[in-house]
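# Remarks on the overall topology
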Amino acid sequence: MTDELLIVDSLSAGYLGEDVVHDVSLTVAAGEVVAVIGSNGSGKSTMLQSVCGLLAPSGGSVRFDGVELAGVKAHRIARSGLVYVPAERHLFPHMSVRENLFLGAYPTRPSADQLGMVYRVFPRLEERTGQLAGTLSGGEQQMLAVGRALMAGPRLLILDEPSTGLSPILASEAYAALVELRRDGLTVLVAEQQVPLALDLADRGYVLDRGRIELTGTSSQLAADEGVQRAYLGV
Amino acid sequence: MIRAYAPIAIATAVLACVPALFAGSPSMMTVVTAGLVFAAYAIAFNLIFGSTGQLFLCTGALAGIGGFGSAILSDRLGVPMVLSIGIAGAAASVVGGALSWVAVSRSLGTIFTGIVTLTFSLAFQNFVLGRGDLTGGENGLRISAGSDGVLDHQVAPYYVFLALVAVYLVLFRRIQRSRMGWAFRALRDDEVAAKLAGVAVARYRIYAGAIGSAMLGVAGAVFAHHRSFIGTTTYGFANVDIRVLVMVAFGGIGSLLGPILGATAFTALDEVLVDYAQLREVLYGVVSVVLFLGFRRGAAPTIVDSWNRRSSRWSVAKRADSAPEADSR
Amino acid sequence: MTAVALDGIVLGLQFGILGVGLTLVYGLGGIVNLAHGQMAVLAAIVTARLIDSGSPAVVAAFVGVVAVSVLGVVLDLTLMRPVYRQQGEHRVLLGLLLMLGVGFVIDGLLEWRYPIEALSLRFQGDPIPVLGVAMRRGSLVASAISVAAGGVLVMLLRWTTFGRATRSVIQDETGARLCGINPAAVRTVVFGVSGALAGLVAITVAMTRPVVSTDGVNLTTFGLIVAVVGGLGSVPGAFLAGIILGVVNTISAFYIGSYVSTILLLLAAATTLLLRPRGLLGIG
């Protein structure tokens, strides 16, 4: 297939020589939204961190647009258009919203258009443009984290648990914004334990359990799966 | 029990033979005696830094409190020498214990402890220079107490310092084998576990600071009476702190005999380089950089280890943090 | 009183630049540069040697500053590499000890080769009255340079892309990497800037009093105290602390006497540290 943007093949990764993620393979095609669902500790974050270069994988390969990423430094991967939004957000707390967004476009100085595009998706950020990131509410911080990633003009946006620390209402709002981005044609890989939210957004999904892919299918297939229903949907 | 103290007995016995080599040369006896004084400083520093992780950058200043304190007490106030040494050692202990208390109670990390003690070092130096009426200032201080006793001979002072070093080693060993020593080994392995076990780590740090400082004060005081003359560099930062740090790093931080090894090696090196005295500081700088870079656990234990196990240097260096006492076995 | 305070500000500005150089390097990579003052003195001695051999003072000073800046870059690319691979306290301790060693190497070399070399930059002309106080031209030029250097630095940090990247690495290194910023490259550049600032301090100090080859340890210590009191990692904090400590030092030296005033300064620094372990304007 030629339109696969991201190909993760037999990826293993972990900490201090102990693998948490075993032999994971998945693909994301351009224009697609793919969800990785799984409970807390299933290895979602570890897997994403080794895709985006924060963690060196212990085995397997990650290809982004035909280029091998294993061993490439995180900042290079970010500049190549694969932009990761961690669950902890990693904003710059003593800088204003605007400055955080500016840094998203590093190393170039962003144009007014880029900034305006983010402000259209998240009008709230425009209201808070001069406020320090550290003083924002949880929901606003999540918006800023996604907004900062959008400033880079990503070809693939990877989100780790965008609902972390948000109330159900705020989490739905966050996902509403993602639906809008999807409509604009953005390619997204999202890891989530709030399974209904993720499956509503995504075209396809993978179920990650104890570091292994247990199941894969379209969102509706997964939502209809008995095991998924029992484990994640509370049916 | 016997095994635990055997290395001390052996080291002391070996060092006791040294005067047989140099007894004919007064200048060499001065050199090796000074070497023992540095060994004593290094054992004390090793107790504070190596065992309990407090970076005291005021080794010289604490020894200087002992030296200047005892000199002033005995010469100015007529206090008997032995008593003045004791009082001066106690004063150093109080100061060092207080520094340790501050570091522990404000939970200063390594650098902040380092910076606060460095600040204290400088304050002490300024005091010595500023109160020239008491300390002799830039001209130095001549000391009469002790100048006609056992400390003035050639060979006898060596054995006085050897006895001091042996006592310090036994003390170090006893502390290492006490609850306190266990606590710090537990801490090194797992901080959370040590805390959960109810180990009074903070208190032990202060004890180590106070005991180590007393060791420094007493050694500094005895040295002052032996030399009969002390100046600003006798206890200066460059002269004492940096040398002690390099000696301990060379011998192996936290190990029992490391300070002896380090002091011996660098005393010998100083003698070899006696004609290049100006380059000594450069050399110490280079050696310390190489030591900290390549041999985080101390050069001597690393070399011995790689000899024994023929393992690569890097794997040994990585093990550094978890293996505190290599040459105690 | 005004005269003493103005002298204090002149000194304080120098302290401030000294502290800023230290605080930036610490904030970015956790390196406590205990060779900072020695690097400053190195710049002074290079400048003095060049002037001795006939170079114009401005050229000599420029070369001196650039030389130390290059030294900073080289140190970052060589000795500091293994330090950056360590984490947390291990990193700080290793960096501190290595730079202590480097400081001694520089100190030793200078005292060996140029024991009596000193840099003293004098300005011709009468004193200029400022607020009714006749100020020496050297002091005024030194202060102007300090203010300009500080101002340029603050503007670069605040308004340029690279400055913003520098602050981002101080605040959240992982976040910076995810934005495509290479922390290692930022650290290298800033180590160079820090070296240049050290050199600049030596040049400005030489305008008010001779800089001798043994001044390194003192400069390092004062810089360290300023950086710590200002809050390690905080540039405005370092400026503020520098000026406060400079004024306090000069006033107490004038009214109390030299050695007590130094001890008071040291005590004040230690107390600040104990009351506010993160410093006056400490971050994080």
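Everything below is about the structure printed above this text.
What follows is about helix 11 (residues 201–227) of chain B. Over its 27 residues, helix 11 of chain B runs 39 Å from end to end, which matches the ideal 39 Å to within 8%, given 1.5 Å per residue. Just beyond helix 11 of chain B, the residue with positive phi is S228(B), at close to 65°.

Our focus in this paragraph is the packing of helix 4 (residues 59–77) of chain B against helix 5 (residues 81–105) of chain B. All names here are of chain B. Two elements in contact, helix 4 and helix 5, have axes whose closest approach is 8 Å; the angle formed by their N-to-C orientations is 145°. As helix 4 packs across helix 5, the resulting crossing turns out to be right-handed. Together, L62, I65, G66, G69, S70, L73 and S74 of helix 4 and M81, S84, I85, I87, A88, A91, A92, V95 and G96 of helix 5 make up the contact between the two elements. The residue makeup of the contact of helix 4 with helix 5, split by class, is ten nonpolar, six polar and no charged.

The method is simple in principle: a probe with the dimensions of a water molecule rolls over the atoms, and the space it marks as empty is what remains. Residues and elements named next belong to chain A. Taken as a whole and assessed by the stated rule, the structure comprises seven cavities of 30 Å³ or more. If you trace the second largest cavity, you find it lined by F122, Q142, M143, V146, P162, A174, A177 and L178. Those elements that provide at least two residues to the lining of the second largest cavity are helix 6 (138–151) and helix 7 (168–183). In the lining of the second largest cavity, the residues fall into seven nonpolar, one polar and no charged.

The subject of this paragraph is the nonpolar core. Counting 165 residues, the largest nonpolar core has Y41(B), M80(C), M99(C) and I181(C) as its most contacted members. The dominant element in this core, judged by the number of residues it contributes, is helix 3 (residues 26–51) of chain B, at 15 residues. Excluding anything up to four places from it in sequence, I181(C) contacts H75(A), L103(A), Y106(A), A165(C), S168(C), V169(C), A176(C) and V186(C). Core analysis: the second largest hydrophobic core is formed by 47 residues, V33(A), L101(A), Y175(A) and L199(A) among them.

Here we come to the arrangement of the chains. Pairwise contact counts over the two pairs of chains in contact peak for chains B and C. Chain B makes no contact with chain A, the minimum C-alpha separation between the two being 13 Å.

Glancing now at the pattern of salt bridges. Side chains carrying opposite charge are able to pair once their charged atoms draw close together. If you walk through the whole model with that rule in mind, you get 19 salt bridges over all chains. Salt-bridge contacts for E99(A) lead to R167(C); the nearest nitrogen and oxygen are separated by 2.5 Å. Of the two residues, E99(A) sits in helix 3 (residues 97–104) while R167(C) sits in helix 7 (residues 161–171), which places them in two different chains. Classification of R167(C) by relative accessible area gives buried; the value is 13%. Because the salt bridges share partners, they merge into one network encompassing R124(A), E127(A), R128(A) and E140(A).

Residues and elements named next belong to chain C. Residues M1, F254, Y255, I256, V260, L264 and L267 make up a contiguous nonpolar surface patch of roughly 710 Å² in combined accessible area. Listed by contribution, the elements that provide at least two residues to the nonpolar patch are helix 11 (235–255) and helix 12 (258–275). It is helix 12 that provides the largest number of residues to the nonpolar patch, a total of three residues. With respect to the helices, strands and loops of the structure, M1 is situated in the segment before helix 1 (2–29). For M1, a relative accessible area of 57% gives the class exposed.

What counts as what
- For every chain, the first residue of the written sequence is number 1, and numbering continues from 1 onward in sequence order.
- Following the order in which they are written, the chains are lettered starting with A and the ligands numbered starting with 1.
- Local features in this predicted model are restricted to residues of pLDDT 70 or higher, and side-chain atom pairs are both shown and tallied only at a pLDDT of 80 or more, whereas totals for entire chains, interfaces and linings draw on every residue.
- To obtain the side-chain values, all non-hydrogen atoms of the structure were included, while hydrogens and water were left out.
- Each helix is a run of H or I in the DSSP string that is no shorter than four residues. Each strand is a run of E no shorter than two, and both are numbered from the N terminus.
- Take the residue count of a helix, subtract one, and multiply by 1.5 Å to get its expected span.
- With axes taken as lines fitted to C-alpha atoms, and helix axes fitted only over the stretch in contact, angles between N-to-C directions fall between 0 and 180 degrees.
- Crossing handedness is defined as follows: a turn of the near helix away from the far one that is anticlockwise and smaller than a right angle gives a left-handed crossing, while the clockwise case is right-handed.
- Only heavy atoms enter the contact rule, under which two residues are in contact if any of them lie within 4.5 Å.
- Gly falls in the polar group here, along with every residue not listed as nonpolar (Ala, Val, Leu, Ile, Met, Phe, Trp, Tyr, Cys, Pro) or charged (Asp, Glu, Lys, Arg).
- Here a cavity denotes grid points, spaced 1 Å and computed from the protein atoms alone, that fit a 1.4 Å probe unable to get out, and a pocket denotes an open set having protein on both sides within 12 Å along at least 5 of 7 lines; residues with an atom within 4 Å of a point are the lining.
- Grid points are joined across faces, edges and corners, and a volume is the space filled by probe spheres set on the points.
- We define the nonpolar core as a collection of buried residues of types Ala, Val, Leu, Ile, Met, Phe, Trp, Tyr and Cys that are connected through side-chain atoms lying within 4.5 Å of one another.
- Between buried and exposed lies partly exposed: a residue is buried under 20% and exposed over 50% of the maximum accessible area for its type, with that area taken using a 1.4 Å probe on protein chains only.
- Whenever Lys or Arg places a side-chain nitrogen within 4 Å of a carboxyl oxygen from Asp or Glu, that contact is recorded as a salt bridge.
- Residues enter patches when they are more than 30% accessible in relative terms and free of salt bridges; like-charged ones are connected within 9 Å and nonpolar ones (Val, Leu, Ile, Met, Phe, Trp, Tyr) within 5 Å.
- Reported accessibility uses the Shrake-Rupley method at a 1.4 Å probe radius. Residues are deemed covered only where the shown protein chains occlude them.

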